[in-house]
Amino acid sequence: MNSPLAQQLGIPTHLQQFEPTKQAALARVAAITPSTYARTRNALDGAVTGLSPYLTHGILSLNEVASAVAQKHRLSYEDKLVFELGWREFFHHAWESTPQPSDILKNMRPMNLWQGKYAEALPADIREGRTGVPCIDSAVRQLYATGYLHNHARMWIASYCIHFRKVHWRAGADWLYAHLLDGDLASNHLSWQWVASSFSSKPYLFNAENVGKYAPQSAFKAWVSRKTKIDDSYEALDEMARSSGDVGAEPGEHEGVQEPSMLDSTHEDFLKQISLLARIHTEKFATNSVVSLLQWRSTQTPDQTIELVHPWAMSERTTQGKPTLRIGIIHAPAHQKLPWSAKRWAFVLQRMQDIVDAVWIGDVGKLALVQGWPGRAKVISQATLHEGYRELLGRMTQLQPSPKLFAQPTKLCGSFTKFYEQAQRGERDFQRLLALAQQSQLL
Ligand SMILES: Cc1cc2nc3c(=O)[nH]c(=O)nc-3n(C[C@H](O)[C@H](O)[C@H](O)COP(=O)(O)OP(=O)(O)OC[C@H]3O[C@@H](n4cnc5c(N)ncnc54)[C@H](O)[C@@H]3O)c2cc1C
């Protein structure tokens, strides 16, 4: 990309574009040096990996990342990289421990903070990047242009929305989730709750000094937020989070940007839009009709094993064993509740095209009616299934458990610290843990 915007915001080259291939993911893994990562990861232009879109969509697993890095560098639980991979697994552990997947869309614990009513919609000035607070407006521009944000920028946006602008965390979480290429319900919605304090012991607050510390040196002016409402002491900001209402937008330099559109609205519109997008990327099958699926299937070998590939499990096709019929599935009704941007769909559809024989877009409930499928079809479940896929696919076939990197606690750990302690108690030596994880995947 290296557009004027990328230069203006100081976005490192490897965080400007994300090619949806396994090779691209492996090239990122090969570039990791754990000591450099640990030293620089907090900075917006630090050596972060940019692996999250690949992990979220199951193009690569945490085990594959850790094992590949461990071939070149000795890794332990003390390594910052391992620690951060642990955060991802912690959020998934918390999600999988809730009785219903949708439970994480509500407060995990009561929020004992400001007593007023938080807004249910994100104000237009935030959506359009014209709050007058440079670090927020720049982050919104980066998000829309690339589908990616550094962890610090995500924390700043979430904290600003909740504690300064008194927007309910759920409204902010749904919006960010929609635009990220790596949008992951567990990591995203639970991080917002962590910032809000409904999944942590205190609210996460940041100030202009903190922004100045981590802003890219080459683009300081675009981020640094002196003389705005966030330019205050932590004591003053804590007081504000607890007692004042929305601090409002401030006069700023930006006119604002247009928010990219989502693929949502009605069921028919979604099908039309996504079918159009799908055809740009794939000449393969894309329909809502069971009849055409049956016709198409009759041209295939009848005893082939069927693998259903969904957007969170887009692993490489294996070349070993019996030939398998791979069908990509997109369960349309689920994506109307929590819509995604066209950018994210383009990433997903391009990947699907490369790894499946056909793409099914529609109501998976109809697919379940296809005779002879229940029981025969195998679903790759790299991560907990999202948004209505779990129930439907679970009805059709036996879901395979997601492979884990860390030893799993038996009960819900309410904090990352507890989760990480328990993981280490389960297996003290990280190298040995990796060897065991590899072995279990080979069996
Ligand atoms: C408000 C908010 C929303 C977030 N939403 C998402 C989301 O939708 N999807 C998502 O994958 N992550 C999310 N994160 C976590 C984190 O910001 C991203 O995983 C990370 O910035 C991705 O960039 P990277 O791959 O370059 O990270 P790196 O620093 O290179 O880390 C490598 C991998 O470790 C994991 N990781 C690192 N930091 C965290 C963290 N704090 N929490 C969980 N996992 C982590 C990710 O899988 C990441 O890809 C969110 C964080 C916040 C504060």
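Only a predicted model underlies this, so the values are computations on that prediction, with no experimental measurement involved.

Draft legend 1. Molecular detail of the layout of surface pockets. Computed from the structure, the largest pocket encloses a volume of approximately 1100 Å³. In terms of lining, the largest pocket is formed by 38 residues, of which the most central are Arg41, Glu84, Trp87, Asn151 and Arg154. Those elements that place two or more of their residues in the lining of the largest pocket are helix H4 (52-56), helix H6 (80-97), helix H9 (151-164) and helix H11 (185-196). Take the lining of the largest pocket: its biggest share by element is eight residues, from H6. Looking at the lining of the largest pocket residue by residue, the classes come out as 20 nonpolar, 11 polar and seven charged.

Draft legend 2. Representation of the site of the ligand within the structure. In the neighbourhood of the ligand, 28 residues make up the surrounding shell, with Tyr37, Thr49, Gly50, Tyr148 and Asn151 lying closest. Between Tyr37 and the ligand, the recorded distance is 2.5 Å, taken from a side-chain N or O atom to an oxygen atom. Relative to its unbound accessible area of 810 Å², the ligand is 97% covered by the protein chains. If you map the ligand onto the pockets, it falls in the largest pocket. Secondary-structure elements contributing two or more residues to the shell around the ligand are H4, H6, H9 and H11. In terms of residue count, H6 provides more of the shell around the ligand than any other element does, five residues in total. A per-class count over the shell around the ligand returns 14 nonpolar, nine polar and five charged.

Draft legend 3. Representation of the pairing of strand E4 (residues 358-362) in the model. The element E4 is extensively covered by neighbouring structure, given that five of its five residues are classed as buried. Alternating positions in E4 separate into two faces, Ala358, Trp360 and Gly362 on one and Val359 and Ile361 on the other, with burial throughout. Strand direction decides the pairing type here: strand E3 (residues 324-331) and E4, joined by five bridges, are parallel. Within E4, the position partnered with Ile329 by the bridge is Trp360.

Draft legend 4. Just the packing of aromatic side chains, in detail. Taken as a whole and assessed by the stated rule, the structure comprises 29 aromatic pairs. Residues Trp87 and Trp194 carry aromatic rings whose centres are separated by 6.2 Å and whose planes lie at 80° to one another, so their mutual orientation is edge-to-face. Here Trp87 is found in helix H6, whereas its partner Trp194 is found in helix H11, with 107 residues between them in sequence. Above the face of the Tyr148 ring, Arg154 is positioned so that its terminal group lies 5.5 Å from the ring centre. Here the basic side chain of Arg344 rests over the ring of Trp340, its NZ or CZ set 3.8 Å away from the ring centre.

Draft legend 5. Local environment of the pairing of strand E2 (residues 305-309). Burial runs high along E2: four of the five residues are buried. The pairing of E2 with E3 spans five bridges and is parallel. By the bridge assignment, Val309 is partnered in E3 with Gly328.

Draft legend 6. Local environment of H11. In this model, H11 (12 residues) spans 16 Å end to end at C-alpha, consistent with the 16 Å of a helix rising 1.5 Å per residue. Buried residues dominate H11, accounting for 10 of its 12 residues. Listed as buried for H11 are Leu185, Ala186, Ser187, Asn188, His189, Leu190, Trp192, Gln193, Val195 and Ala196. After H11 finishes, the residue Ser197 shows a positive phi value of roughly 100°.

Draft legend 7. Fine view of unusual backbone geometry. Even without being a glycine, Ser197 presents a positive backbone phi close to 100°. The topology assignment puts Ser197 in the loop between H11 and helix H12 (208-214). Positive phi outside glycine occurs at Lys227, with the angle close to 60°. Take Lys227: it is sitting in the loop between helix H13 (220-223) and helix H14 (234-243). Of the residues examined, Lys227 reaches a relative accessible area of 80% and is grouped as exposed.

How each quantity is defined
Residues numbered from 1 in each chain as written. Predicted model: local features only at pLDDT ≥ 70, side-chain atom pairs only at ≥ 80, totals over all residues. Heavy atoms only, no water. 1 Å grid on protein atoms, 1.4 Å probe; cavity = no way out; pocket = protein on both sides within 12 Å on 5 of 7 lines; lining within 4 Å. Points joined across faces, edges and corners; volume = space filled by probe spheres on them. Helix = DSSP H or I, 4+ residues; strand = E, 2+ residues; numbered from the N terminus. Nonpolar A, V, L, I, M, F, W, Y, C, P; charged D, E, K, R; others polar. Near = heavy atom within 4 Å. Polar contact = N/O pair within 3.5 Å; in protein donor to acceptor, adjacent residues only side chain to side chain. Areas by Shrake-Rupley, 256 points an atom, 1.4 Å probe, with all protein chains shown as cover. Sits in = over half its atoms within 2 Å of the grid points. Buried < 20%, exposed > 50% of the residue type's maximum accessible area, 1.4 Å probe, protein only. Pairing = 2+ DSSP bridges. Phe/Tyr/Trp six-rings, centres within 6.5 Å; stacked < 30°, edge-to-face > 60°. Lys NZ or Arg CZ within 6 Å of the ring centre and 35° of its normal. Expected span 1.5 Å × (residues − 1).

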